[in-house]
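The chain contents come next:
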Amino acid sequence: FFLKTFLKIMGASASISAAMKSKRLSKDQIAASATASPILSFFNFNDYADDKGTISLEEIMHIFSQKTDVFLTHDWGINQFNHKRVARVNKALQSRGITTWFDDEQMEGDIKSKMTSGIDQSRVVVTFITSRYMKKVAGTNAEDNCRLEFGYACRRKTGARMLPVVMEPEMRDTSQWEGQVGLVLGGSLYVDLCDEEGFDAKIDDIVNRVSKIMGPPLKKIIESINWGELHLDSNAISVGSSASPQKSVPAPAASPAAAASPTTTSSAVPDELFTALVNWFVKEVKVVPKVAEKYSHLLIEAEVGTIDRLKKKLNKNQNFLLEKGFDEDDSDDIIKAMFGESHAVAVPVAVAVKAPVHEEEVAKVTAHNYDQYKTLTGHSGAVKIIIQLQDYRICSGGDNDLRVWRLDGTCEQVLRGHTNSVVAVYQMNDGLVCSAGMDKMIRVWNLRTGSNIMTFAGHNDSVFTLCALPDGRLVSGSADNTLRVWNLSTQKCEMVIKGHTNCVQFAILLWDGTICTASWDKTLRTFNVQTGNTINVFKGHTDKLVHVNQLADGRICSCSVDTTIRIWDVKTAACERVLTGHTSNSRWTVQIMNGQLVSGSKDQTIRFWNVNTGATEKILTGHTDYIRCLLLLNDDRVVSGSDDTTMRIWG
């Protein structure tokens with residue numbers, strides 16, 4: 001059955017007869033074939049050979065079905081911006097015959113095992129360099145996926161089989177690369193993908209550079225084999241019908257951050273503290289004494305000697321236990337014991353979880369016709385904001401509450417604290433969720449405990465938008481016409497940015513590190529967040545602006561009460577296209593994987609646009625009131641929120 005033509009290698013399904021499938025070959029037979037002999041360099045023949053020194057064609061196909069040309073390691077970035085750009089690179093590489101390991105397509109099950117297996121089975125690791133990626137690799141979070149991937153790639157492939165691709169202008173100077181990234185790749189020639197200009201030529205450059213490192217792509221190697229030289233009937237192998245499912249090859253499991261713990265307490269720690277921790281774990285969490293001792297050692301090593309100190313740690317960092325090597329189920333039980341059942345979340349929500357929390361609901365990216373939808377109900381007022389959390393659930397706001405939902409429509413958590421409508425929600429890299437609204441307040445939540453752990457006041461009017469900077473600071477925009485930059489560590493406002501003459505309705509971080517804002521003063525502005533200075537002013541709309549979004553090609557698009565959507569060149573501030581069709585306020589846009597732009601409007605419709613022609617290609621109806629917000633899920637489905645108090649998941 002040719003295992004879908006080596007599954008990823010040939011890029012199509014195939015079939016092979018039972019007789020052919022069981023045909024066995026010796027190492028000498030393969031080596032004697034000029035076209036087939038190269039495949040021997042991809043595996044140790046003796047590891048798979050039987051007592052007679054032969055291997056079946058089925059086994060060869062199975063081995064190659066696991067292999068890829070390149071492993072793509074990257075940070076997803078703010079609002080998944082960098083991930084979307086890398087996704088475009090991934091598709092471009094595949095279209096050129098390069099087989100890839102990309103986390104949208106491969107990240108199911110045990111994430112660490114998938115990562116290590118993906119790196120082991122790849123021939124080259126392509127590293128997409130951003131400031132966030134570099135900081136994560138150099139950081140202290142032992143469970144961070146970027147750090148784990150890069151470290152393992154360095155050990156298994158070395159810098160000689162790693163290709164850096166620079167994604168941000170400030171990373172062009174390799175002398176500024178820090179930590180392991182600088183040590184391993186700082187002396188390498190990189191591919192510059194900081195902007196979209198000459199995209200195809202840059203992809204060709206990546207292909208050429210990768211090919212110089214590894215040789216011909218796997219697809220070409222397989223296609224070049226003369227099956228007749230192996231005394232096989234090549235006509236019996238036909239590309240077409242679907243094959244049996246791919247078998248999984250066991251991957252080496254990554255070791256937990258703290259697989260072993262000391263057998264004795266530190267001399268600096270009083271015995272009574274250690275004993276008190278052990279007794280608490282045994283009594284309150286119901287773990288066996290041996291496990292209780294292990295957890296007590298882990299806490300003492302982290303300089304947490306009491307349960308009260310552990311409570312404070314968890315309020316500040318919901319992933320603390322996971323980062324220290326605690327079992328996930330035990331972590332839940334510990335939190336329930338400390339904060340009570342009502343505050344506990346059924347599963348961890350964190351960057352550092354070992355697998356997607358609601359994995360059964362996370363579909364692979366696939367084509368959707370968007371004619372079907374699921375309705376989520378629970379809000380008592382308009383749904384004004386929806387985001388996807390790091391564990392794939394969604395969080396919404398609109399009335400005075402935040403709600404956390406599973407994608408099957410189950411509301412798992414309600415967070416209360418705001419005294420007026422919630423209109424902005426944002427999740428930080430550490431898993432904390434920030435919210436803001438008409439009560440002028442910004443609140444920071446620990447979803448694991450359900451606690452409001454920080455509150456920021458400073459704006460003089462409603463706070464409409466939130467986003468984060470690469471350094472972890474929070475940016476807020478308000479009806480008081482200003483932006484504010486907040487340091488969550490010091491809980492202080494570090495900068496007030498002025499320029500707009502009316503309400504700042506929406507703000508996003510652009511790929512180049514600047515902030516772009518949409519305002520009721522009918523303009524977009526880009527700001528330098530280090531100085532607070534305006535870089536560009538975008539003029540053209542004839543009424544209030546309510547949303548801005550950056551497209552996969554780097555351009556930005558804006559929505560306005562004037563009913564239009566405009567596409568802009570971010571560097572020149574020139575308007576390149578005006579999309580018309582909505583009969584009332586255009587409110588929100590997202591861009592799906594095929595490049596179409598999706599918009600929601602006060603006219604109660606969702607439109608799909610061809611960005612290049614401006615033509616409307618599809619219209620969805622169903623909501624009975626103003627569509628306030630849209631969200632693009634990781635599987636390319638679209639979620640809409642409306643004044644009719646419902647959300648709909650379209651797919």
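This is a predicted model, so every value here is computed, not measured.

1. What to know about the pattern of salt bridges
Once the charged atoms of two side chains with opposite charge are near each other, the side chains can pair.
Right, on to step 1. Enumeration over the complete set of coordinates arrives at 20 salt bridges.
Right, on to step 2. Residues Arg132 and Asp75 are paired through a salt bridge, measuring 2.6 Å at the closest nitrogen-oxygen approach. Here Arg132 is found in helix H9 (residues 131-138), whereas its partner Asp75 is found in the loop between strand E4 (68-73) and helix H6 (81-95), with 57 residues between them in sequence. Asp75 shares its class with Arg132; the two are buried.
Right, on to step 3. Residues Asp643 and Arg628 are paired through a salt bridge, measuring 2.7 Å at the closest nitrogen-oxygen approach. Taken together, the residues Asp643 in the loop between strand E36 (638-642) and strand E37 (647-650) and Arg628 in strand E35 (residues 627-632) connect sequence positions 15 residues apart.

2. Some points on the pairing of strand E27 (residues 545-550)
Right, on to step 1. With 6 of 6 residues buried, E27 lies mostly within the body of the structure.
Right, on to step 2. Judged from the 5 bridges that link them, E27 and strand E28 (residues 556-560) form a sheet pairing that is antiparallel. Its bridge partner being in E28, Asn549 is matched across the sheet by Cys557.

3. Topic: H9
Right, on to step 1. Burial of H9 is extensive: 6 of the 8 residues sit out of reach of the surface.
Right, on to step 2. Residues of H9 that are buried: Ser131, Arg132, Tyr133, Met134, Lys136 and Val137.
Right, on to step 3. On its buried face, H9 sits against E4, strand E6 (122-129), helix H10 (145-157) and helix H11 (179-185).

4. Description of the state of the cysteines
Right, on to step 1. Here the structure, examined in full by the defined rule, presents 0 disulfides.
Right, on to step 2. Just so you know, Cys395 is unpaired, no disulfide at all, and the nearest cysteine sulfur is the one on Cys411, 9.5 Å from it.
Right, on to step 3. Under the relative-accessibility criterion, Cys395 is labelled buried at 0%.

5. Here we look at the packing of aromatic side chains
Right, on to step 1. For the structure on display, the rule yields 13 aromatic pairs.
Right, on to step 2. Each ring, one from Trp280 and one from Phe281, has its centre 5.5 Å from the other, and the planes form 75°; the classification is edge-to-face.
Right, on to step 3. What makes Trp280 buried here is its relative accessible area of 16%.
Right, on to step 4. For the pair Phe281 and Tyr295, a centre-to-centre distance of 5.8 Å together with 65° between the ring planes defines the contact as edge-to-face. In this pair, Phe281 is assigned in helix H14 (residues 271-285) and Tyr295 in helix H15 (residues 289-301), connecting sequence segments 14 residues apart.
Right, on to step 5. The exposure class assigned to Tyr295 is buried, which follows from its relative accessible area of 3%.
Right, on to step 6. Pairwise contacts between aromatic rings join Trp280, Phe281, Tyr295 and Phe326 into one cluster.
Right, on to step 7. Here the basic side chain of Arg88 rests over the ring of Phe199, its NZ or CZ set 3.8 Å away from the ring centre.

6. Points about the sheet that holds E27
Right, on to step 1. With antiparallel pairing, 4 strands are arranged side by side in an open sheet as E27-E28-E29-E30. At either end of the open sheet lies a strand with only one pairing partner, and these are E27 and strand E30 (575-579). Across the sheet, the axes of successive neighbouring strands diverge by a mean angle of 20°, strand direction being ignored.
Right, on to step 2. Judged from the 4 bridges that link them, E28 and strand E29 (residues 565-568) form a sheet pairing that is antiparallel. The partner of Cys557 across the bridge, within E29, is Ile567.

7. So, the confidence of the model for the protein
Right, on to step 1. For the protein, per-residue confidence averages 81 on the pLDDT scale, and residues scoring 70 or more make up 83% of the total.
Right, on to step 2. Of the regions scoring below 50 in pLDDT, residues 1-17 engages in 72 contacts with residues more than four places distant in sequence or in other chains.

8. Let's talk about empty space enclosed by the protein
Right, on to step 1. Tallied over the full model, the rule gives 5 cavities of 30 Å³ or more.
Right, on to step 2. Computed from the structure, the largest cavity encloses a volume of approximately 170 Å³.
Right, on to step 3. Gly77, Ile78, Arg132, Glu168 and Trp511 are, among the 15 residues lining the largest cavity, the residues nearest its centre.
Right, on to step 4. A class-by-class count of the residues in the lining of the largest cavity yields 6 nonpolar, 4 polar and 5 charged.

What counts and how
- Per chain, the residues get numbers from 1 upward, laid out in the order the sequence is written.
- Side-chain atom pairs in this predicted model are given and counted only at pLDDT of 80 or more, local residue features only at pLDDT of at least 70, and totals for whole chains, interfaces and linings cover all residues.
- Only hydrogens and water are set aside; all other atoms, that is, all heavy atoms of the structure, feed into the side-chain values.
- Whenever Lys or Arg places a side-chain nitrogen within 4 Å of a carboxyl oxygen from Asp or Glu, that contact is recorded as a salt bridge.
- In this text, helices come from DSSP runs of H or I with a minimum length of four residues, and strands from runs of E with a minimum of two, each type numbered from the N-terminal end.
- Accessible area is worked out with a 1.4 Å probe on protein chains only. A residue is then buried under 20% of its type maximum, exposed over 50%, and partly exposed in between.
- By the convention used here, strands pair only if DSSP detects at least 2 bridges between them.
- Whether two residues touch is decided by their heavy atoms; if any such pair falls within 4.5 Å, the residues are in contact.
- In this description, a disulfide is simply a cysteine sulfur pair whose atoms lie within 2.5 Å.
- Only rings of Phe, Tyr and Trp enter the pairing, Trp through its six-membered ring, and a pair is recorded when the two centres are within 6.5 Å. The plane angle decides the type: under 30 degrees is stacked, over 60 is edge-to-face, the rest tilted.
- The rule is short: NZ of Lys or CZ of Arg within 6 Å of the ring centre and within 35 degrees of the ring normal puts a charge over the ring.
- To get an axis, fit a line to the C-alpha atoms, keeping to the stretch in contact for a helix; angles then go from 0 to 180 degrees between the N-to-C directions.
- Scored between 0 and 100, pLDDT is the confidence that the predictor attaches to each residue.
- Cavity and pocket criteria rest on a 1 Å grid covering protein atoms alone: a 1.4 Å probe that fits but cannot get out defines a cavity, protein on both sides within 12 Å along at least 5 of 7 lines defines an open pocket, and an atom within 4 Å of a point defines a lining residue.
- Grid points are joined across faces, edges and corners, and a volume is the space filled by probe spheres set on the points.
- Nonpolar residues are Ala, Val, Leu, Ile, Met, Phe, Trp, Tyr, Cys and Pro. Charged residues are Asp, Glu, Lys and Arg, and all others, Gly as well, are polar.

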